[in-house]
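Residue-level structural notes
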Amino acid sequence: MEYGSGGGGGGSGGSGGDPDGSDSRRKKRYHRHTAHQIQRLEGMFKECPHPDEKQRLQLSRELALAPRQIKFWFQNRRTQMKAQHERADNCALRVENDKIRCENIAIREALKNVICPSCGGPPIGEDSYFDEQKLRVENAQLKEELDRVSSIAAKYIGRPISQLPPVQPVHISSLDLSMGSFGGQGMGSGPSLDLDLLPGSSSAMPILPFQGTGISDMDKSLMADVAGNALDELLRLLQTNEPLWMKSTTDGRDVLNLESYERIFPRANSHLKNPNVRIEASRDSGVVIMNSLALVDIFMDSFSLQNKWMELFPTIVSMARTLEVLSSGMMGGQSGSLQLMYGELQVLSSLVPTREFYFLRYCQQIEQGSWAIVDVSYDFPRDNQFAPQNPSHRLPSGCLIQDMPNGYSKVTWVEHVEIEDKTPTHRLYRDLIHRGLAFGAERWLATLQRMCERFACLMVKGTSTRDLGGVIPSPDGKRSMMKLAQRMVNNFCASISTSNGHRWTTLSGLNEVGVRVTIHKNTDPGQPNGVVLSAATTIWLPVSPQNVFNFFRDERTRPQWDVLSNGNAVQEVAHIANGPHPGNCISVLRAFNTSQNNMLILQESCIDSSGSLVIYCPVDLPAINIAMSGEDPSYIPLLPSGFTISPDGRLDQGDGASSSSSTTASMGRSGGSLITVVFQILVSSLPSAKLNLESVTTVNNLIGNTVQQIKAALNCPSS
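Residues numbered from 1 in each chain as written. Predicted model: local features only at pLDDT ≥ 70, side-chain atom pairs only at ≥ 80, totals over all residues. Heavy atoms only, no water.

This next bit is on the overall build of the protein. Helices and strands together make up the secondary structure of the protein, namely 17 helices and 21 strands. Taking all 719 residues of the protein together, the buried fraction comes to 49%. Long-range contacts, defined here as pairs at least 24 residues apart, represent 68% of the contacts in the protein between residues at least 6 apart. Accessible area for the protein stands at about 35,100 Å²; split by element, carbon and sulfur atoms hold 52% of it. (Helix = DSSP H or I, 4+ residues; strand = E, 2+ residues; numbered from the N terminus. Buried < 20%, exposed > 50% of the residue type's maximum accessible area, 1.4 Å probe, protein only. Contact = heavy atoms within 4.5 Å. Areas by Shrake-Rupley, 256 points an atom, 1.4 Å probe, with all protein chains shown as cover.)

Shown next, in the form of C-alpha cells:
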C-alpha cells in the first residue's frame, strides 16, 4: 500500500492507495487519524520535534501506522509551527514599525520649530557642518598639491613659479572644545594681553632660508661624495664593537670611545675646539614588526603630501621636508637614492629647543634583504648667503635594516651629533639630554618599534570583541578611529613644539608653577577655527615613569587629576589595542553625572622604553559615530590636551620607585619622572580676536590646580 502525506495538528493523516492503479491515479482516498493517534503524536512532538528512525518505528508499531505516515506527519507539523511563528513575528514587527513611524513624524515636526539658543535663529544641520569641514580638508590638500607641482615645474624652467593667492578659508562656528565642554568656566572678557598672535597654525611649515633649488652639478657631485663617505663610516660604527664602542659600567649602554673614533675617522673641520660643543653618540638594536622594503620606502618617501618619516616619528620629528631629490636610485628602486632634506627634532616639552638640520639622506642596498640609510649634515660654502648656521651638526647617523625569516626586521641604529649649547640646558632636562637619552638611538628605535606595532594593528582586517567591546561595528570603523587618534597625537605633538613657528611666553607671579603659553590663529582643516591658546608646564616627581603612566591612563584614578571633569567618574565604552603592551591603546571614555551627555573623550595612551604619552580630547557624539562607522575622520575638529612622561635621566640610587615591566626597563632605571602638562583652549572662534588677561589667568590656574592634584594623588610634596 502506498501512503501520501498526512495532515498536521488538524488531524489529517496519510492516504491509502487503491489497489486499482488507474483509480489511484484519478483519485486518492484520505483517512483521518484517530483522536488517540493525534494525541500520542502531539505529545511526542512536544518532547522531540525531530524523532529519529528508531523512534518513528516505535510509534508506527504503537499506533498501527506506516513509518512514512509518521515521517510525513512530523514534517507537516514542523512546517505548520514555523508558519505560526512567522505570522506572530510579522504582527509584532508591524506594530513596532508603526510605532517608529509615528515617532519619526513627531520628531520631524518638532525639528521644524527648533531654534538656536545662542542667536535665536534656525540651527545649522550637522550634515552641512561636516560638509564644510570636508571642503576645507580638500582645499588644503589641493593647495599642497599645487605647491608640489610648482616646485617640480620650477626645476625644469629654472625659476620659481608664481603662486596663486592664498584662498581664504571658510570661517564657520567651531565646536566648543574648550574647557567649557566639561562644565568649566568659559573665557570671559578682560583687558588685552600683549602676546604675539602667530599667523598660521601649529602645523604650518616655516619659510626655510635654503630651499634646495638651483643646486649645481658640481655641488651634487660633492654631495654624492659626502654621502658615500658617510655611509662607509656609518657601516663601521654599526658593525664594530671595541675599540669604537664600549659598554657603560653604569647602565650597560654602548658608549663611543672618542679617542678611537678620532683616530679612525680624522676630520679637519672638527668643532670640538669650541668649549661649548658637545658630542652625543649612542647605538642600539632591536626587532621591528615590518620588513626592510617597507621601512626603506617610508624613510626615503619624498612624494607624498605628508612626509611618511614625520608620520612614523611624530614624537621626535616636528618638521620634515625633502628639498631636493639628487638621485632617484637605480632600476626604479631606492638603492642609490640621495636626497637633501630639512628636519626639526624635538623633545615634547616647551623647555627644550628643537634641533634643526639640513642634511643629506642616502640609501644603499648592502645585500639581498639588507639596507643601510645614512643622514649627514652638509656644510654649505661660507660665501653662500643662504647657508644655514645651525648649532647642531649631524655626523654620520642612521640605521642598518636586515630582513628576518618571519617577515620582521632587525634594525641597528646609530645617532651621532655635535651640539653647540648657545643657551644653557634647562636644569630639569640636563641629565636626560647630556647622557644622550633625549635624542639618542634608544629613543629612535623604541619609537620605531612602537609605531610599527601600531601600523600592524591598523592593517589587521579582523575585529576582536575584546578590543572593541562591540561598540565599533567593523574593521573600517576601527581603522577610522585609529586614524582619528593618530591625528590627535600629531596635533598634540605639534602644539608643544618649540620650533621657530612657536614663541613661548613664560608667566610668572601667578603661582609657584612656571607656565609657558603661546597663541596662534588656527586655520587648519580638522581643527577648530579661531585663536587657540596652548599652555604647558613641566614638573619633576620622585615617582617612576611607569607608575605615573599607570596613574594617568587608569580611568578609575582620572577624577583625582582631571579638574575639568569636576570629580565625575568615567567609563571606557570602546577600546582598541595598538600593540602587545596593554598601555598602548585607544579609548573612548564617557563621563558620569555630567550635563554634557553628547560629549565623549577620545584618549590615546602609548608607552615605550623612552617615555610615554596620555593624550585626550573631547569629541561630540555625532563626530565619534562618524568615525566608528568607518567614514573619513579627517574633518572632525580636534583640540587635544594631555601629558608627556619621560625618565629624568638620573641613575636610580635606590630612593626612587622602579618599574617591573620588561617593556619599560630603562624607564625603571630612572630615579624620577619629568611630566609635561599641556592644555589647548579655543579662546575665540573669531580669527581676529584679542587674547585677554582673564583667559591667561584661567588657564594658568587650571594647570596649577592640575599639578597640585597630581602631586597630592601621588603623595609628592607640593613644593
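Read on for the rest.
With 42 residues, the main nonpolar core has Leu295, Trp309, Phe313, Val411, Trp413 and Leu448 as its most contacted residues. A total of six residues in this core trace back to one element, the largest contributor, which is helix 11 (residues 441-459). Grouped together as the second largest cluster of nonpolar side chains are 37 residues, Ile519, Ala535, Trp561 and Leu702 included. (Core = buried A, V, L, I, M, F, W, Y, C linked by side-chain atoms within 4.5 Å.)

Further remarks concern the state of the cysteines. Per the counting criterion, the structure on display carries zero disulfides. Cys363 provides the cysteine sulfur closest to Cys399, a residue in no disulfide bond, and the two sulfurs are 8.9 Å apart. A residue is classified by how much of its surface remains accessible, and Cys399, at 2% relative accessible area, is buried. (Disulfide = S-S within 2.5 Å.)

Moving on: the sheet that holds strand 19 (residues 611-620). One open sheet holds the nine strands; their spatial order is 13-14-15-21-20-19-18-17-16, and the pairing between them is antiparallel. The outermost strands of the open sheet, each flanked by one partner alone, are strand 13 (505-507) and strand 16 (570-577). Strand-to-strand twist across the sheet, computed as the mean angle between neighbouring axes with direction ignored, equals 20 degrees. As paired elements, strand 13 and strand 14 (residues 515-522) share three bridges and run antiparallel to each other. Pairing of Thr506 across the sheet is with Arg516, part of strand 14. Along the sheet, helix 13 (residues 475-495) makes contact with strand 15 (530-541), strand 16, strand 17 (585-591), strand 18 (599-608), strand 19, strand 20 (641-647) and strand 21 (673-684), crossing strand 18 at roughly 75 degrees. Packed on one face of the sheet, helix 15 (residues 621-628) meets strand 16, strand 17, strand 18 and strand 19 and runs near 115 degrees to strand 19. (Pairing = 2+ DSSP bridges. Axes fitted to C-alpha atoms, helices over the stretch in contact; angles between N-to-C directions.)

On to helix 17 (residues 693-713). Because each turn of an α-helix spans 3.6 residues, side chains separated by three or four positions end up pointing in the same direction. For helix 17, with 21 residues, the first-to-last C-alpha span of 30 Å sits near the 30 Å given by 1.5 Å per residue. Listing the buried residues of helix 17 in full gives Ser695, Val696, Val699, Asn700, Leu702, Ile703, Gly704, Thr706, Val707, Ile710 and Lys711. Buried residues belonging to helix 17 abut strand 13, strand 14, strand 15, helix 14 (545-553), strand 20 and strand 21. Immediately beyond the C-terminal end of helix 17, within one or two residues, lies Asn715, with a positive phi of roughly 60 degrees. (Expected span 1.5 Å × (residues − 1).)

Note that strand 7 (residues 337-345) and strand 8 (residues 355-367) share eight bridges and pair antiparallel. What sits directly across from Gln339, in strand 8, is Arg361. Hairpin connection from strand 8 to strand 9 (residues 370-377): two residues lie between these consecutive antiparallel strands, with Gly369 at a positive phi of about 80 degrees.

All right, on to the pattern of salt bridges then. Under the criterion given, the structure shown has 20 salt bridges. Here Asp375 ties to Arg361 by a salt bridge, and the two come within 2.8 Å at their closest N and O atoms. One end of the pair, Asp375, is in strand 9; the other, Arg361, is in strand 8, and 14 residues separate them in sequence. Per residue, the accessibility class of Asp375 equals that of Arg361, and both read buried. One salt bridge connects Arg479 with Asp476, and the closest N-O pair in it is separated by 2.6 Å. Here Arg479 and its partner Asp476 are both found in helix 13, three residues apart, which amounts to about one turn of the helix. Taken together, the shared-partner salt bridges in this structure form one network comprising Asp251, Arg253, Arg435 and Glu442. (Salt bridge = Lys/Arg side-chain N within 4 Å of Asp/Glu carboxyl O.)

Turning our attention to the packing of helix 11 against helix 13. Between helix 11 and helix 13, whose axes approach to 10 Å, the crossing angle comes to 150 degrees. In this view, helix 11 runs roughly antiparallel relative to helix 13, as classed from their interaxial angle. From helix 11, Met451, Arg454, Cys457 and Leu458 reach across to helix 13, where they touch Lys478, Arg479, Met482, Ala485 and Gln486. Residue composition of the contact of helix 11 with helix 13, by class: five nonpolar, one polar and three charged. (Parallel < 35°, antiparallel > 145°, perpendicular 65-115°, else oblique. Nonpolar A, V, L, I, M, F, W, Y, C, P; charged D, E, K, R; others polar.)

Positionally, Val531 belongs in strand 15. When the C-alpha atoms of Val531 and Val683 are compared, they prove to be 5.6 Å apart, with 152 residues separating the residues in sequence.

Running from N to C, helix 2 (residues 35-47) and helix 3 (residues 53-63) cross one another at 160 degrees; their axes reach a closest spacing of 11 Å. Relative to helix 3, the element helix 2 is oriented roughly antiparallel. For helix 2 against helix 3, the interelement crossing comes out right-handed. Taken together, the residues of helix 3 that come into contact with helix 2 (itself represented by His36, Gln37, Arg40, Leu41 and Met44) are Gln55, Leu59, Glu62 and Leu63. A breakdown of the residues in the contact of helix 2 with helix 3 according to their chemical character gives four nonpolar, three polar and two charged. (Left-handed = near helix turned anticlockwise from the far one by under 90°.)

Our focus in this paragraph is the side chain of Ser673. Assignment of secondary structure puts Ser673 in strand 21. Here Ser544 takes part through its backbone oxygen, which lies 3.4 Å from a polar atom of the side chain of Ser673. Apart from the residues within four sequence positions on either side, Ser673 is in contact with Ile539, Trp540, Leu541, Val543, Ser544, Pro545, Val548, Ile645, Ser646 and Asp648. (Polar contact = N/O pair within 3.5 Å; in protein donor to acceptor, adjacent residues only side chain to side chain.)

Between Glu242 and Pro243 the backbone carries a cis peptide bond, its omega angle lying at 5 degrees. Summarising the element assignment, Pro243 is placed in the loop between helix 6 (217-239) and strand 3 (245-247). Unlike most non-glycine residues, Asn715 shows phi in positive territory, near 60 degrees.

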